Amino acid sequence: MTLKNPVYFGNPDNDPVRIVFCLAAVDSYSHLNVMRNLIDLINDEDKVNRLIAVQDIDTFNTVLYGSEKNKLEEERFS
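Residues numbered from 1 in each chain as written. Predicted model: local features only at pLDDT ≥ 70, side-chain atom pairs only at ≥ 80, totals over all residues. Heavy atoms only, no water.

### With respect to the overall build of the protein
Next, step 1: From N to C terminus, the protein includes three helices and two strands.
Next, step 2: Counted from the first residue to the last, the protein has its helices and strands arranged as β-β-α-α-α.
Next, step 3: Here the protein holds 78 residues, and 18% of them are scored as buried.
Next, step 4: In the protein, 18% of the contacts between residues at least 6 apart in sequence involve partners at least 24 apart.
Next, step 5: Looking at the protein as shown, the accessible area adds up to about 6,600 Å², and 53% of this sits on carbon and sulfur atoms. (Helix = DSSP H or I, 4+ residues; strand = E, 2+ residues; numbered from the N terminus. Buried < 20%, exposed > 50% of the residue type's maximum accessible area, 1.4 Å probe, protein only. Contact = heavy atoms within 4.5 Å. Areas by Shrake-Rupley, 256 points an atom, 1.4 Å probe, with all protein chains shown as cover.)

So, in C-alpha coordinates, the structure goes:
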(Lines give C-alpha, C1' and ligand atoms only; values in the text may rest on other atoms or scores of the structure.)
Protein backbone atom coordinates (compact mmCIF):
# COMPACT_ATOMS: atom_id res chain seq x y z
CA MET A 1 0.00 0.00 0.00
CA THR A 2 1.24 3.48 -0.73
CA LEU A 3 0.45 6.23 1.72
CA LYS A 4 -1.08 9.49 0.54
CA ASN A 5 0.43 11.20 3.60
CA PRO A 6 3.85 9.80 4.57
CA VAL A 7 4.34 8.76 8.21
CA TYR A 8 7.29 9.83 10.33
CA PHE A 9 8.42 7.37 13.01
CA GLY A 10 11.43 9.34 14.22
CA ASN A 11 14.07 7.36 12.34
CA PRO A 12 16.15 9.67 10.14
CA ASP A 13 17.37 6.74 8.00
CA ASN A 14 13.91 5.41 7.17
CA ASP A 15 11.55 8.37 7.45
CA PRO A 16 9.25 9.24 5.93
CA VAL A 17 7.49 5.94 5.31
CA ARG A 18 5.59 6.05 2.01
CA ILE A 19 4.97 2.39 1.26
CA VAL A 20 3.80 -0.46 3.52
CA PHE A 21 3.77 -4.19 2.85
CA CYS A 22 1.74 -6.75 4.77
CA LEU A 23 3.17 -10.27 4.78
CA ALA A 24 1.28 -13.52 5.23
CA ALA A 25 2.33 -17.08 4.48
CA VAL A 26 0.91 -20.55 5.02
CA ASP A 27 4.15 -21.97 6.46
CA SER A 28 7.69 -20.97 7.45
CA TYR A 29 9.17 -21.98 4.09
CA SER A 30 6.73 -19.77 2.17
CA HIS A 31 7.38 -16.99 4.65
CA LEU A 32 11.13 -17.11 3.90
CA ASN A 33 10.47 -16.90 0.16
CA VAL A 34 8.21 -13.90 0.65
CA MET A 35 10.86 -12.20 2.80
CA ARG A 36 13.56 -12.89 0.18
CA ASN A 37 11.40 -11.37 -2.56
CA LEU A 38 10.63 -8.35 -0.39
CA ILE A 39 14.34 -7.78 0.27
CA ASP A 40 15.00 -7.93 -3.48
CA LEU A 41 12.28 -5.35 -4.02
CA ILE A 42 13.54 -3.03 -1.29
CA ASN A 43 17.02 -3.14 -2.82
CA ASP A 44 15.59 -2.01 -6.18
CA GLU A 45 15.38 1.71 -5.41
CA ASP A 46 14.10 2.59 -8.89
CA LYS A 47 11.19 0.15 -8.59
CA VAL A 48 10.31 1.34 -5.09
CA ASN A 49 10.27 4.96 -6.30
CA ARG A 50 8.02 3.99 -9.22
CA LEU A 51 5.66 2.16 -6.82
CA ILE A 52 5.47 5.22 -4.58
CA ALA A 53 4.61 7.45 -7.57
CA VAL A 54 1.79 5.38 -9.07
CA GLN A 55 -1.82 6.52 -8.64
CA ASP A 56 -3.84 3.35 -9.22
CA ILE A 57 -3.76 -0.35 -8.35
CA ASP A 58 -3.40 -1.59 -11.94
CA THR A 59 -0.27 0.48 -12.48
CA PHE A 60 1.04 -0.57 -9.05
CA ASN A 61 0.61 -4.25 -9.99
CA THR A 62 2.23 -3.69 -13.38
CA VAL A 63 5.27 -2.06 -11.78
CA LEU A 64 5.46 -4.67 -9.02
CA TYR A 65 4.83 -7.80 -11.08
CA GLY A 66 5.27 -6.56 -14.67
CA SER A 67 7.89 -8.73 -16.29
CA GLU A 68 7.49 -11.62 -13.82
CA LYS A 69 3.75 -11.80 -14.40
CA ASN A 70 4.15 -11.62 -18.17
CA LYS A 71 6.89 -14.28 -18.11
CA LEU A 72 4.72 -16.64 -16.06
CA GLU A 73 1.77 -16.15 -18.41
CA GLU A 74 3.98 -16.79 -21.46
CA GLU A 75 5.33 -20.01 -19.90
CA ARG A 76 1.83 -21.16 -19.02
CA PHE A 77 0.52 -20.70 -22.56
CA SER A 78 3.60 -22.04 -24.36
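Okay, back to it.
### Section: the nonpolar core
Next, step 1: Core analysis: the biggest nonpolar cluster contains nine residues, these being I19, L38, L41, V48, L51, V54, F60, V63 and L64.
Next, step 2: When residues of this core are traced back to their parent elements, those giving at least two are α1 (28-42), α2 (45-53) and α3 (57-77).
Next, step 3: Considering every element that reaches this core, the biggest residue donor is α3, with three residues.
Next, step 4: Filtering out sequence-adjacent residues up to four positions away, V54 remains in contact with T59, F60 and V63. (Core = buried A, V, L, I, M, F, W, Y, C linked by side-chain atoms within 4.5 Å.)

### Some words on the environment of V20
Next, step 1: Looking at where V20 falls in the secondary structure, it is placed in the loop between β2 (17-19) and α1.
Next, step 2: With relative accessibility at 33%, the residue V20 sits in the partly exposed group.
Next, step 3: Spatially, the C-alpha atoms of V20 and M1 are 5.2 Å apart, while their sequence positions differ by 19 residues.
Next, step 4: V20 has contacts with M1 and L3, leaving out every residue within four places of it along the chain.

### Quick look at the side chain of K47
Next, step 1: Note that K47 resides in helix α2.
Next, step 2: Buried and without a salt bridge, K47 has D44 as its closest oppositely charged side chain, separated by 4.8 Å.
Next, step 3: A polar atom in the side chain of K47 sits 3.5 Å from the backbone oxygen of L64.
Next, step 4: With near-sequence residues (within four places) excluded, K47 lies in contact with L41, V63 and L64. (Lys, Arg positive; Asp, Glu negative; His and termini not counted. Salt bridge = Lys/Arg side-chain N within 4 Å of Asp/Glu carboxyl O. Polar contact = N/O pair within 3.5 Å; in protein donor to acceptor, adjacent residues only side chain to side chain.)

### Notes on the side chain of D15
Next, step 1: Residue position: D15 is located in the loop between β1 (2-7) and β2.
Next, step 2: One buried charged residue, D15, remains without a salt bridge, the closest side chain of opposite sign being R18 at 9.2 Å.
Next, step 3: Among the polar contacts listed, one links the side chain of D15 to the backbone nitrogen of G10, at a separation of 2.6 Å.
Next, step 4: Apart from residues no more than four positions distant in its own chain, D15 is found in contact with V7, Y8, F9 and G10.

Purely spatial values, then, with no claim about function.
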